Amino acid sequence: MPSLADLSEKALPVLEQFAGRMLAVAIRTSVWNSRVAAGKSVADCSAGDFIAAALPALRSYVKGNALANCQRELSLALEAGGEVIPAERFDARAAGAADERALTIVINGEADLVRVRRETRGLCSRLAYNPTDTVRCCTVVSELARNIVQYAFNGTIELREVSQPARGIGIVAMDSGPGIPNLEAILAGGYVSKTGMGRGLIGSRAILEQFEATTRVGEGTTVRGIFRAR
Ligand SMILES: Nc1ncnc2c1ncn2[C@@H]1O[C@H](COP(=O)(O)OP(=O)(O)OP(=O)(O)O)[C@@H](O)[C@H]1O
Ligand SMILES: [Mg+2]
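An account of the accompanying structure is given in this report. (Residues numbered from 1 in each chain as written. Chains lettered and ligands numbered in written order. Predicted model: local features only at pLDDT ≥ 70, side-chain atom pairs only at ≥ 80, totals over all residues. Heavy atoms only, no water.)

Contact geometry of helix α5 (residues 111–126) with helix α6 (residues 131–152) gives a least axis separation of 9 Å together with a crossing angle of 155 degrees. Taken together, α5 and α6 sit at an angle that is classed as roughly antiparallel. Judged by the twist between their axes, the crossing of α5 over α6 is right-handed. Contacts from Leu 113, Val 116, Arg 117, Thr 120, Arg 121 and Cys 124 of α5 reach α6 at Thr 134, Cys 137, Cys 138, Val 141, Ser 142, Ala 145, Arg 146 and Val 149. Taken together, the residues that form the contact of α5 with α6 break down as 8 nonpolar, 3 polar and 3 charged. (Axes fitted to C-alpha atoms, helices over the stretch in contact; angles between N-to-C directions. Helix = DSSP H or I, 4+ residues; strand = E, 2+ residues; numbered from the N terminus. Parallel < 35°, antiparallel > 145°, perpendicular 65-115°, else oblique. Left-handed = near helix turned anticlockwise from the far one by under 90°. Contact = heavy atoms within 4.5 Å. Nonpolar A, V, L, I, M, F, W, Y, C, P; charged D, E, K, R; others polar.)

This brings us to the state of the cysteines. Under the counting rule described, the total for this entry stands at 0 disulfides. Unpaired in terms of disulfides, Cys 45 finds its nearest cysteine sulfur in Cys 70, a separation of 16 Å. (Disulfide = S-S within 2.5 Å.)

Among all positions of helix α8 (residues 200–207), only Gly 200, Leu 201, Ile 202 and Ser 204 are buried. Next to the buried residues of α8 lie α6, α7 (183–188), β5 (209–216) and β6 (220–227). (Buried < 20%, exposed > 50% of the residue type's maximum accessible area, 1.4 Å probe, protein only.)

Below, the discussion takes up the packing of helix α2 (residues 47–61) against helix α3 (residues 64–78). The description of two packed helices rests on the angle between their axes and on the distance between the axes. At their nearest, the axes of α2 and α3 sit 11 Å apart, and the two run at 155 degrees to each other. Taken as axis vectors, α2 and α3 run roughly antiparallel relative to one another. Seen from above, α2 lies across α3 with right-handed handedness. In contact with Ala 47, Phe 50, Ile 51, Leu 55, Leu 58 and Arg 59 of α2, α3 contributes Leu 67, Cys 70, Gln 71, Leu 74, Ser 75 and Leu 78. Looking at the contact of α2 with α3, its residues break down into 9 nonpolar, 2 polar and 1 charged.

Here we come to the pattern of salt bridges. All chains considered together, the criterion is met by 9 salt bridges. In this structure, Arg 167 engages Glu 161 in a salt bridge whose closest nitrogen and oxygen atoms are separated by 3.7 Å. Accessibility expressed as a relative area gives 10% for Glu 161, which makes it buried. Measuring nitrogen to oxygen at the nearest pair gives 2.8 Å for the salt bridge that ties Arg 228 to Glu 209. (Salt bridge = Lys/Arg side-chain N within 4 Å of Asp/Glu carboxyl O.)

Assignment of secondary structure puts Asp 133 in helix α6. Note on Asp 133: relative accessible area 4%, which makes it buried.

This part takes up the packing of aromatic side chains. Within this structure, the stated rule accounts for 1 aromatic pair. On the numbers, 5.8 Å between centres and 50 degrees between planes, the contact of Tyr 129 with Phe 227 is tilted. With Tyr 129 in the loop between α5 and α6 and Phe 227 in strand β6, this pair connects stretches of sequence that are 98 residues apart. Relative accessible area serves as the criterion here: at 14%, Tyr 129 is assigned to the buried category. (Phe/Tyr/Trp six-rings, centres within 6.5 Å; stacked < 30°, edge-to-face > 60°.)

For the rest of this paragraph, the subject is the site of ligand 1. Residues in close proximity to ligand 1 total 18 residues, the closest being Asn 147, Tyr 151, Tyr 191, Ser 193 and Arg 199. Glu 143 has a polar side-chain atom sitting 3.2 Å from an oxygen atom of ligand 1. Between ligand 1 and Gly 200 there is a distance of 3.2 Å, counted from an oxygen atom to a backbone nitrogen or oxygen. When residues in the shell around ligand 1 are grouped by element, the largest group, 4 residues, is from α6. Here the residues of the shell around ligand 1 sort into 6 nonpolar, 8 polar and 4 charged. (Near = heavy atom within 4 Å. Polar contact = N/O pair within 3.5 Å; in protein donor to acceptor, adjacent residues only side chain to side chain.)

Below is the structure:
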C-alpha cells in the first residue's frame, strides 16, 4: 500500500487545479490531521481512504460540478477505481459497530458496477439470503450504482450489515454530482426519462425500507435505505 506522502504528492497537483495552491495545501494538511487524530497509519494509506479523508475539506472549498470533477480526477490520479474499503477504515465512527460488516465501494465508471454487484452478492450470501432476495438486493444496489455512473460519474456505495430494528443490509449511495432538480416529480411517478426507463429510483423505493433520497442541485445526491429479506 502507498504511504500518505506518496498519495499527497500525486493528489496535490489535482487539488491545486481545483482549489488553488493555498487551499490544496490546506486540504492535504486536513487529511494528515484527520488520519493522525483517528490513530491511523501514515506509512500505509489506501487511495480510497485518502479521498474519503479529503472529502470534508474538499466539500467546503470546491463546489458544484467542479467538486465532482475534482473527485473524479483525484480517483484517477490515485488509481482508486473499484477499490473496496472496509468501513472501519473508511469512517472512524463505524469503529464502534465492530460486529457489523460494512464496506464502501468507490465508483468511477462502468467497470466498477461489476465490483458492486460482486460485493453485494457476497454480502447476501454471508447473510444466507435466498436467490430471490439476493436478486432483489443486487437489483437495488446496481440501479443506484448505475445512476452514479450515468449521471454523477463517480461516488460511493456503502453496504452495511444492520441488526436493528431487524436484520438487513443498509445501503447508502452517495455522489457529488449535479443533483436531481426534479426529484419530487420522479418519486411521484410522473417522470418520463430520456436516458432510461425512469424506474431506478421508484423501483428502489418499492424494495427498500426507510428509503430516503436527498439532493442539492450542484452539490450531489444521497440515497439510502435498508434491504430486508422477505
Ligand atoms: N445520482 C444521480 N445524480 C443526478 N441525477 C440523477 C441521479 N440518479 C438519478 N438521476 C436523475 O433521475 C432520473 C431518474 O432516475 P432513475 O434511476 O429512476 O431512472 P433512469 O436512470 O432515468 O432510468 P432507469 O430506469 O434505466 O434507471 C434520471 O433520469 C436522472 O435524470
Ligand atoms: Mg437509473
